[in-house]
Amino acid sequence: DVQVTQSPSSLSASVGDRVTITCQASQDINIYLNWYQLKPGKAPKLLIYDASKLQAGVPSRFSGSGSGTDFTFTISSLQPEDIATYYCQQYDNLPQVTFGQGTRLEIK
Amino acid sequence: EVHLVESGGGLVQPGGSLRLSCAASGFTFSSYAMNWVRQAPGRGLEWISYISASSGTIYYADSVKGRFTISRDNAKNSLYLQMISLRPDDTAVYYCARYSYDSSGYPNRFDYWGQGTLVTVSS
């Protein structure tokens, strides 16, 4: 099974800061990686798919990059509404998709 | 607008059963594969089951294989998850999630999710 290691597990940043989260896959997964945002009591939201493609309707301050085993998710300028937990997800070996451990983002 | 609404969660004793439902609207339900994904308290997300648009292909995670059954009724725009032999480690919020496809028809992302329904397995 493909495992994805996400870091950090938690992060505190100020409004306007640039925030970066990383995911490392246990094997080459090409660009088969997505990023989601989870807020308590709300439906999870797809932000980035195929490592770098912005889902329709998602603000452009969110971006993703990487391929192979190393991936990065970035919020260019943190907004208060971005407080959430973020997860990466690989889909190299469908249907056995796996998620990273999550990154809890807080406002400093 | 796409909407997915889960229902059927609740408190159940170990060894008990529960049936979750997911009501879909705002899209042609019969054209999309669907999934169940869960999140245990304090834990990450775990994919547990997939069903193709026609119900012809079904997969389960090893953690639920033999105990959970996924199904759908395209005439009712509904997805189901029948759960039996429930264990305390099945306690989680259960989400239904739609698969979307890339330009070649390959499923590559969960593009819409419901808000989830909480299942608590405890005596």
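The structure reproduced in this document is the subject of the present report. (Residues numbered from 1 in each chain as written. Chains lettered and ligands numbered in written order. Predicted model: local features only at pLDDT ≥ 70, side-chain atom pairs only at ≥ 80, totals over all residues. Heavy atoms only, no water.)

Describing the nonpolar core
In terms of nonpolar packing, the biggest core is built from 26 residues, with Trp36(B), Phe68(B), Leu79(B), Leu81(B), Met83(B) and Tyr94(B) touching the most fellow members. Of all the secondary structure elements, the ones that give two or more residues to this core are strand S3 (18–25), strand S4 (34–39), strand S5 (45–51), strand S7 (68–73), strand S8 (78–83), strand S9 (92–101) and strand S11 (117–121) of chain B. Counting residues per element, this core draws most heavily on S3(B), at four residues. Apart from residues lying up to four places away in sequence, Tyr94(B) is in contact with Glu6(B), Leu20(B), Trp36(B), Val37(B), Arg38(B), Ile48(B), Phe68(B), Leu81(B), Met83(B), Gly116(B), Thr117(B) and Val119(B). Of all hydrophobic cores here, the second largest spans 23 residues; its members include Cys23(A), Ala25(A), Leu33(A) and Val58(A). (Core = buried A, V, L, I, M, F, W, Y, C linked by side-chain atoms within 4.5 Å. Buried < 20%, exposed > 50% of the residue type's maximum accessible area, 1.4 Å probe, protein only. Helix = DSSP H or I, 4+ residues; strand = E, 2+ residues; numbered from the N terminus. Contact = heavy atoms within 4.5 Å.)

Examining the sheet that holds S3(B)
Residues and elements named next belong to chain B. In space, the four strands of this open sheet follow the order S1-S3-S8-S7, with antiparallel pairing throughout. Because the sheet does not close on itself, it has two edges, and the strands there are strand S1 (3–7) and S7. Here the average twist between neighbouring strands, direction ignored, is 15°. Bridging between S3 and S8 involves six bridges; their strand directions are antiparallel. From the neighbouring strand, Arg 19 faces S8, where its bridge partner is Gln 82. (Pairing = 2+ DSSP bridges. Axes fitted to C-alpha atoms, helices over the stretch in contact; angles between N-to-C directions.)

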